Amino acid sequence: MSQLLPESFYEQSTLSLSKSLLGKHLVHESPEGKTVGKIVETEAYLGVIDQAAHSFNGRRTKRTEVMFGPPGVIYTYVMHTHCLINIVSNVVDVPEAVLIRAIEPVEGVELMRKRRNKQGVLLTNGPGKLTKAMGITMDAYGSFITEPPIYIVDGPTPTDIQVGPRIGIDNSGPAKEYPYRFWITNNKYVSR
């Protein structure tokens, strides 16, 4: 098995972590079986100063509370009936996180197909698609990404990364133009 990423890995700046997660492997060991996907697309959310972040202006609610916690904590939330997975970054009381936007299936592909009833890129080319394919639910909220059942292991660092504006945040003023989305160039599982 590849090396489990330590807590210290998540202590870097949020923009840096967004790039560093590309090529790493997201793993979920569920009762139904194990699924693994290479992270191919991420988005950074810079908390207090980022109008697109749930914690903009220091907004502290029951939902955003884990964002104020230590780096490496899982922040899940539901958007349009889909569960999305984020990893809290930076340091305690700086409510920032990285959204895992797309993965390329590596292991447990048949289980992913069964859960999604889809094949090919449609399996995991979006944040709600990948969580459904991997069986990740709101139950992951507040757990650590550094220990099973949901964790990240090391993987090859991509040689070519693209940067651009985030997707689906049209109501966030100038923040919708910030170049906080990162993806592996020419990977067919990137959301768009």
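Criteria and thresholds
Residues numbered from 1 in each chain as written. Predicted model: local features only at pLDDT ≥ 70, side-chain atom pairs only at ≥ 80, totals over all residues. Heavy atoms only, no water. Salt bridge = Lys/Arg side-chain N within 4 Å of Asp/Glu carboxyl O. Helix = DSSP H or I, 4+ residues; strand = E, 2+ residues; numbered from the N terminus. Buried < 20%, exposed > 50% of the residue type's maximum accessible area, 1.4 Å probe, protein only.

Within the structure shown, the criterion is met by seven salt bridges. With a closest N to O distance of 3.4 Å, Asp154 and Lys24 form a salt bridge. Of the two residues, Asp154 is situated in the loop between β7 (150-153) and β8 (161-164) and Lys24 in the loop between α1 (14-20) and β1 (25-30); the sequence distance between them amounts to 130 residues. Asp154 gets classed as partly exposed once you look at its relative accessible area, which sits at 33%. Between Glu104 and Lys38 there is a salt bridge whose closest N-O contact spans 3.8 Å. Remark: Lys38 occurs in strand β2 (residues 33-45) and Glu104 occurs in strand β5 (residues 97-107); sequence separation between them is 66 residues. Taking the relative accessible area as the measure of exposure, Lys38 reaches 21% and is therefore partly exposed. When salt bridges that share partners are traced, they join Glu41, Glu43, Arg101 and Arg181 into one network.

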